[in-house]
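Observations on the three-dimensional arrangement
So you can see what is in the structure, the chains are spelled out below.
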Amino acid sequence: MPTNAIILSNAPIASVLAGNDISKGSLYGQRIDPLLDQKIYATYFVIKKIYDLNPNYSGITAACLYLWELMGKYGIQAQAYTGGGGSIAGITAGSAPLPYNFIVDASTSFMIDGESSKTISAFIGYNLLFVRGGVVQSTVNTESSYYSWNKTTGLFTCSPAMVTSELILLAAI
Amino acid sequence: MPLTPNFSTSESLSSNNLVTFSDTSTGDDILLTSRRISILLANGKWLDTGGVESTTIVYHTWAIGDASVEINLLTKSTVGLVTVDWMTGAVDTYTKTILCEWDLYDYVFLFGLLSTQTSYPARTDNQGYWQNSFKMITNLFQSEQAVELMDDLYSSQASLDRNFYMISKQSNFF
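Summary of the structure given here. (Residues numbered from 1 in each chain as written. Chains lettered and ligands numbered in written order. Predicted model: local features only at pLDDT ≥ 70, side-chain atom pairs only at ≥ 80, totals over all residues.)

Thoughts on the sheet that holds strand E2 (residues 117-119) of chain A
Residue and element names in this part refer to chain A. If you walk across this open sheet you meet the three strands as E2-E6-E5, and the pairing is antiparallel. Sheet topology places E2 and strand E5 (146-150) at the edges, where each strand pairs with a single neighbour. Going across the sheet, the axis of each strand differs from the next one's by a mean of 10 degrees, ignoring polarity. (Pairing = 2+ DSSP bridges. Helix = DSSP H or I, 4+ residues; strand = E, 2+ residues; numbered from the N terminus. Axes fitted to C-alpha atoms, helices over the stretch in contact; angles between N-to-C directions.)

Right, here's the structure in full:
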């Protein structure tokens, strides 16, 4: 648990962050107490006054912990602003690995003539887009041409096997 | 160097009825013999010890040798127009008047509610509890702003009186 001082320094920010989420409403299906930002501020307002006068006032720690519970995830997020207890990493745009775009040949291309499977480690964790000769492929194996992809192991298979001169695109998405 | 009179007050957190007056004057006047304090309330009465209100002016003695004096003044959160006189014999040589607020009764009450909330959240975590807490806090805020920004004794005390009503009828509100 953070110290009382850290809780109190984070509370005003948590109130702002909670207010931001409340204003988003239920757009993303979240459930949030519409009074949460006010509750955080009201609780903070009282505790801060008492704490400033006597940080060891009877019951102050229980009150601060109660405030911390009220703040919930917004208390954690607030630490990114105050620096107390670490910080929240900023959200960075996803950067999928570069696609493999090649023409099949007998020896040097990413997949060579006659090859029908390949472990693509760089794509593990992603979904796969397979375009063959300019035609997007599917995983429906009742069709004449299809592929399979295991995003956990990175194993890619295709049918039929690669044929020299085919234009291939393998992209992580 | 003549005296530039000044003072400050503080309320005890552990005993909200006690107010300490501290002399923060600069300079010196060796002829001074005593100090006295008077406190005018919003209702036009004067505050005596124990929260008693008087229709005639009441002076609280403050010995000139004491840097501060603690007086049992309050029974509820109060705003008062405090005048301190620095006396030379019977002559009022210097005077300083400051609008002072002592509102810890309200804070301690709200903190008590909060302590109940920490022990029994289900008992008090309802809309009425929060709504009335917000109201009390808003009153406190208004009262403090009326003193700090507006120098308005009446508005400030009116805000505290709204809280006092809620405290005295607390079973109806919390």
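Description of helix H1 (residues 104-119) of chain B
In an α-helix there are 3.6 residues to a turn, and that puts residues three or four apart on one side. With 16 residues, H1(B) should reach 22 Å at 1.5 Å per residue; the first-to-last C-alpha distance of 22 Å fits that figure. Of the positions making up H1(B), those classed as buried are Leu104(B), Tyr105(B), Asp106(B), Tyr107(B), Phe109(B), Leu110(B), Phe111(B), Leu114(B) and Gln117(B). (Expected span 1.5 Å × (residues − 1). Buried ≥ 20, exposed ≤ 12 C-beta atoms within 10 Å, placed from the backbone.)

Remarks on the environment of Ser54(B)
All names here are of chain B. Counting through the fold element by element, serine 54 comes out in strand E5 (residues 53-54). The exposure class assigned to serine 54 is exposed, which follows from the 11 C-beta atoms found within 10 Å. C-alpha separation for the pair serine 54 and leucine 41, spaced 13 residues apart in sequence, amounts to 9.7 Å. Apart from residues lying up to four places away in sequence, serine 54 is in contact with Lys45, Trp46 and Asp48. (Contact = placed C-beta atoms within 7 Å.)

Brief notes about the packing of helix H1 (residues 4-24) of chain A against helix H3 (residues 60-71) of chain A
Residue and element names in this part refer to chain A. Following both chains from N to C, one finds H1 and H3 inclined at 35 degrees, their axes separated by 10 Å at the closest point. Crossing of H1 against H3: the hand is left-handed. Here H1 contributes Asn4, Ile7, Leu8, Asn10, Ala11 and Ala14 to the contact with H3, which in turn contributes Ile60, Thr61, Cys64, Leu67, Trp68 and Met71. Looking at the contact of H1 with H3 residue by residue, the class counts come to nine nonpolar, three polar and no charged. (Left-handed = near helix turned anticlockwise from the far one by under 90°. Nonpolar A, V, L, I, M, F, W, Y, C, P; charged D, E, K, R; others polar.)

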